[in-house]
Amino acid sequence: MSESISNGAMVELLGVHKWFGQFHVLKNINLSVVKGERIVICGPSGSGKSTMIRCINRLEEHQQGRILVDGVELTKDLKNIDTVRREVGMVFQHFNLFPHLTVLENCTLAPIWVRGVPKKDAQDLAMQYLERVKIPEQADKYPGQLSGGQQQRVAIARSLCMQPNIMLFDEPTSALDPEMISEVLDVMIDLAESGMTMLCVTHEMGFARKVADRVVFMDDGEIIEANEPAVFFSNPQSERTKLFLSQILSH
Amino acid sequence: MRRLSASQPSSSQLGTPPPSATMPRPPAVSIGPLGWLHQNLFSSWFNALLTVLALLLLYQVLPPLINWLAINAVWGAAEPAACKEASGACWAMIHEKYRLILFGRYPYDEQWRPMIGMAMLVGLIGLSCNRNFWRIWLLDLWLGGLMVWFVLMWGGWFGLAFVPNNLWGGLPLTLMLTLIGLAVAFPVSIFLALGRRSTLPIIRIICVVYIELIRGVPLISLLFMASFMLPLFLPTGVHFDEVLRAQVAIIMFSSAYLAEAIRGGLQAMPQGQYEAAHALGLTYWQTQRKIILPQALRISIPSIVNIFIGLFKDTSLVAIVGLSDLLLSMRQAIADIAWRRYFVEGYLFIAVIYFCVCFFMSKYSKHLESQLGAGHRR
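Described below are features of the structure shown in this document. Every value quoted in this text rests on a predicted model; they were computed, and no experiment measured them. (Residues numbered from 1 in each chain as written. Chains lettered and ligands numbered in written order. Predicted model: local features only at pLDDT ≥ 70, side-chain atom pairs only at ≥ 80, totals over all residues. Heavy atoms only, no water.)

With that out of the way, let us pick up the pattern of salt bridges. Residue and element names in this part refer to chain B. Taken as a whole, this structure holds 19 salt bridges over all chains when the rule is applied. Note that glutamate 212 and arginine 215 form a salt bridge whose closest N and O atoms lie 3.3 Å from each other. One end of the pair, glutamate 212, and the other, arginine 215, are both in helix H9 (residues 201–215), three residues apart, so they sit about a helical turn from each other. When its relative accessible area of 34% is taken as the criterion, glutamate 212 is described as partly exposed. Judged by its relative accessible area of 31%, arginine 215 falls in the partly exposed class. (Salt bridge = Lys/Arg side-chain N within 4 Å of Asp/Glu carboxyl O. Helix = DSSP H or I, 4+ residues; strand = E, 2+ residues; numbered from the N terminus. Buried < 20%, exposed > 50% of the residue type's maximum accessible area, 1.4 Å probe, protein only.)

Here it is as structure tokens:
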């Protein structure tokens, strides 16, 4: 299955198209992410950025083109989908923690049931990651008892417990109160510095400047431009990018 | 009636911490017993009027009722003649007939068997009510318990006299039809509910057709079909037990209703829960079992218990196909000429039994909801 397309890319999107009914939501997307690369994807709402990263772990199905994740192509083959999902972690805008399970159980569920890790080991691993996101003391609480920022950090720890090679972030700070954004970003920065391959849909331009290797700007279902942050912010190429940047950086 | 001040505590005020010594205290009419009376019984002139009317009605109804129920009633063993003279209820009828009402036509000398069986089942139910015991061994215990139950009821082993199941009746039969009905229908209904939401068209269509067909007909007609039409299709000589037929009809009926209750819970689940589970690599069944069902079933507890309660009472419909459940065996008991005028007492007696069971179910569901609700607040 693993016919390597190029240079050992971790994520490879080739001419990807997707429609929601008549609506053409992704138009000829080409993107290649190498190991350890940090990509920030931004753009106005409805531009298809969330849809694009949701295609990478098949929460959305693309209809044309090819998507390869660590050499495995996403097709209708359920085995490939399972393989990819095991390797790709995802953090959602609304956390999507399991409210009926404790923080620790949230973190150990997938390692135990998907990877077959013994319960004790899964718990040790979970505590390790909960420490990394700085909330080991909340392990026995339920998600509903935590603040938004804490919940999102649990969600990150839960993904990390599967020890993924790639992490997807879908607007991880958009649902948070302003004072909680930085605690989540700190965790993400820490993760980026550890060499994780990351694709983040976010409007946090400070985060983009600080850790991104490339900033991808999407509008109307297309990738308009992609560049390293310094160039992207100081010298945007397209009019649409300029307009977008002026709108979000004006205040 | 005293005119009370217009100030009323709103519910939001009740949640605030107690005022310190320097803060003004709430007006006297808003707290204490007086406050309670004001808030609940006399909050407006219309409520006050209703309160007074209700008190008058109680005054009219309660004393004669208590007289009939207790003071003028005939208690304990007595001849029918004694009841005729008394102006109150004839509880002597119950005293005389309670074995017949509770156990139907089950042989008199063997009635200790269903008695022990029921005590065992009630014990098992009590055990199952504790969430700490929700383990695999409880299932084994139930299977063992049901086996013991059938050995006790049927007999034919261990020197117990054989009792054919057309003699079973009364409370044991009602209890059995309900318990086995629910125990089998519940898992079936989970699969039906999941099947109805399946993306596989064949499975979905089968489940939809089953649910809609069964829900579209009354339980009575299902019982009739199971009892009278089924034998027409079976080859001659094949006997299909009557109790079993009624049991199957009850299971089919309740599983369709339960499936819809559970589907309601499934539909309330946010899409994000599925997405998070899929993103972690959980399979369909793992997602359902670990993530979706525990939450969806908790949401549907009120409607599930509603169906449980309904089913418990609906088992009285098996009378229509000749099974003497609690209701029918009571009616058979009062068929006795000497006692037949005291049917009201008979109905009251079984009404109390039905009520106690249903009330317990309702209370337990409340308790379970709050227990499972711990930590669920989002």
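What follows covers the layout of surface pockets. Of the voids in this model, the second largest pocket is the one considered here, and its volume is about 1,000 Å³. Lining the second largest pocket are 30 residues, and of these Leu78 and Arg85 of chain A together with Thr199, His278 and Tyr284 of chain B sit closest to its centre. Going through the elements one at a time, helix H2 (78–87) of chain A together with helix H8 (170–196), H9, helix H12 (271–279) and helix H13 (284–299) of chain B are the ones with two or more residues in the lining of the second largest pocket. (1 Å grid on protein atoms, 1.4 Å probe; cavity = no way out; pocket = protein on both sides within 12 Å on 5 of 7 lines; lining within 4 Å. Points joined across faces, edges and corners; volume = space filled by probe spheres on them.)

This brings us to the sheet that holds strand S7 (residues 166–170) of chain A. Residues and elements named next belong to chain A. In spatial order, the strands read S6-S7-S8-S3-S9-S10; together these six strands make up an open sheet with mixed pairing. Here the strands that pair on one side only, and so sit at the sheet edges, are strand S6 (88–91) and strand S10 (222–227). Taken pair by pair, the neighbouring strands of this sheet meet at an average axis angle of 15 degrees, ignoring direction. Relative to S7, S6 runs parallel, the two sharing four bridges. (Pairing = 2+ DSSP bridges. Axes fitted to C-alpha atoms, helices over the stretch in contact; angles between N-to-C directions.)

Below, the discussion takes up helix H7 (residues 136–154) of chain B. Residues three or four positions apart in an α-helix share a direction because the helix packs 3.6 residues into each turn. Residue and element names in this part refer to chain B. An ideal rise of 1.5 Å per residue puts 27 Å on 19 residues; H7 measures up with 27 Å between its terminal C-alpha atoms. Residues Leu138, Trp142, Gly145, Trp149, Leu152 and Met153 constitute the buried set of H7. Taken end-on, H7 shows its buried residues confined to a sector of 90 degrees, consistent with a single buried face. Away from its buried face, by an angle of more than 90 degrees, H7 presents the exposed residues Ile136, Leu139, Leu143 and Met147. On its buried side, H7 packs onto helix H6 (112–128) and H8. At the exit of H7 stands glycine 155, carrying a positive phi of roughly 70 degrees. (Expected span 1.5 Å × (residues − 1). Arc of directions from axis to C-beta. Contact = heavy atoms within 4.5 Å.)

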